[in-house]
Amino acid sequence: MRAKAQGHTVEAGEVGATDLTIVVPTYNRYPFLARLLRYYRACGAPSPMHVLDSSDDALPDPVARLLGAPGITYTRYEPDLLPIPKLSEGLRHVTTPYAVIWTDDDLLVPRSLVAAKRFLEHHRDYSLVHGKSGFFRVRPSEHGAVLTNLGPFPQRLCEYETASARLLSYSA
């Protein structure tokens, strides 16, 4: 099986990147964080992860156990720290050439991270990349979870010749 993104092919067995760090900001959403960590483990923990937590609540034991897995770094911040300074501080500790911000309520496809990294390696004039996004809603039922909504998440494209033109277009 192969995945293709912007002309770069990714083999099925190549689902991670050790030169990419996953940065996960979280705040008072331990059920979402636990789901993300279980998903990450099920994907084979493809890249180093750094969790940035500024929650008011104490860290539940089941989440603490998940955070203890190899390759995961956990940093606790003061609850009054705003999200952007928290991200800025957390990103200062990234030692890999690439990083992805993976919010606690999102699910990423690990192969897409490799495809995005390859795109950046082949297009040095780009400093960030994003893929397709979708949304879904699940409701519980007596037979398990039922998918009730599924669709594309609207995004704007920024395809211009220069980085400054891309930034100006996106900001407009």
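Residues numbered from 1 in each chain as written. Predicted model: local features only at pLDDT ≥ 70, side-chain atom pairs only at ≥ 80, totals over all residues. Heavy atoms only, no water.

Looking at this model, I keep getting lost on the pattern of salt bridges. Mind explaining?
For side chains bearing opposite charge, pairing can occur when the charged atoms are close. Considering all chains together, one arrives at 6 salt bridges under this definition. Between D104 and R29 there is a salt bridge, and its shortest N-O distance comes to 2.7 Å. Of the two residues, D104 is situated in the loop between β6 (98-101) and α4 (110-122) and R29 in the loop between β3 (20-26) and α1 (30-42); the sequence distance between them amounts to 75 residues. Using a relative accessible area of 3% as the deciding quantity, one classes D104 as buried. In this structure, R29 engages D105 in a salt bridge whose closest nitrogen and oxygen atoms are separated by 3.1 Å. With R29 in the loop between β3 and α1 and D105 in the loop between β6 and α4, this pair connects stretches of sequence that are 76 residues apart. According to the relative accessible area criterion, R29 is partly exposed, its value standing at 28%. Given the relative accessible area of 35%, D105 is considered partly exposed. Overlapping salt bridges, with partners in common, bring together D19, K117 and E121 in one network. (Salt bridge = Lys/Arg side-chain N within 4 Å of Asp/Glu carboxyl O. Helix = DSSP H or I, 4+ residues; strand = E, 2+ residues; numbered from the N terminus. Buried < 20%, exposed > 50% of the residue type's maximum accessible area, 1.4 Å probe, protein only.)

How should the environment of T148 be read in this particular structure?
You can see T148 is positioned in strand β8 (residues 144-152). Sequence spacing of T148 and V138 is 10 residues, and the spatial spacing of their C-alpha atoms is 5.7 Å. Filtering out sequence-adjacent residues up to four positions away, T148 remains in contact with R137, V138 and R139. (Contact = heavy atoms within 4.5 Å.)

Would you mind showing me how to read the packing of aromatic side chains here?
As enumerated under the stated definition, the model contains 3 aromatic pairs in all. Note on Y39 and W102: the rings are 6.2 Å apart at their centroids and 85° apart in plane angle, and the pair reads as edge-to-face. Taken together, the residues Y39 in helix α1 and W102 in the loop between β6 and α4 connect sequence positions 63 residues apart. Residue classification places Y39 among the partly exposed residues on the basis of a relative accessible area of 25%. For W102, a relative accessible area of 3% corresponds to the buried category. Grouping aromatic residues by their ring pairs yields a cluster made of Y39, Y40 and W102. (Phe/Tyr/Trp six-rings, centres within 6.5 Å; stacked < 30°, edge-to-face > 60°.)

What is the right way to look at the confidence of the model for the protein chain in this model?
Detailed reading of the predicted model is not advised wherever pLDDT is low. This prediction gives the protein chain a mean pLDDT of 82; 87% of its residues lie at or above 70. A low-confidence stretch, residues 1-15 (pLDDT under 50), is modelled with 33 contacts involving residues beyond four sequence positions or located in other chains. (pLDDT = per-residue confidence, 0-100.)

Quick question: what am I supposed to make of unusual backbone geometry here?
Trans peptide bonds make up the majority, and among non-glycine residues the majority have a negative phi. Positioned with a positive phi, N28 is a non-glycine residue whose angle comes to about 55°. Judged by its relative accessible area of 29%, N28 falls in the partly exposed class.

Help me understand the environment of D106 in this model?
In this structure, D106 sits in the loop between β6 and α4. What makes D106 partly exposed here is its relative accessible area of 36%.

Whenever I open this one, the side chain of T21 confuses me. Can you help?
Assignment of secondary structure puts T21 in strand β3. On the accessibility criterion, T21 (7% relative accessible area) is buried. Ignoring anything within four residues of it in the chain, the contact list for T21 reads P48, H50, V94, T96, Y98, A99 and V100.

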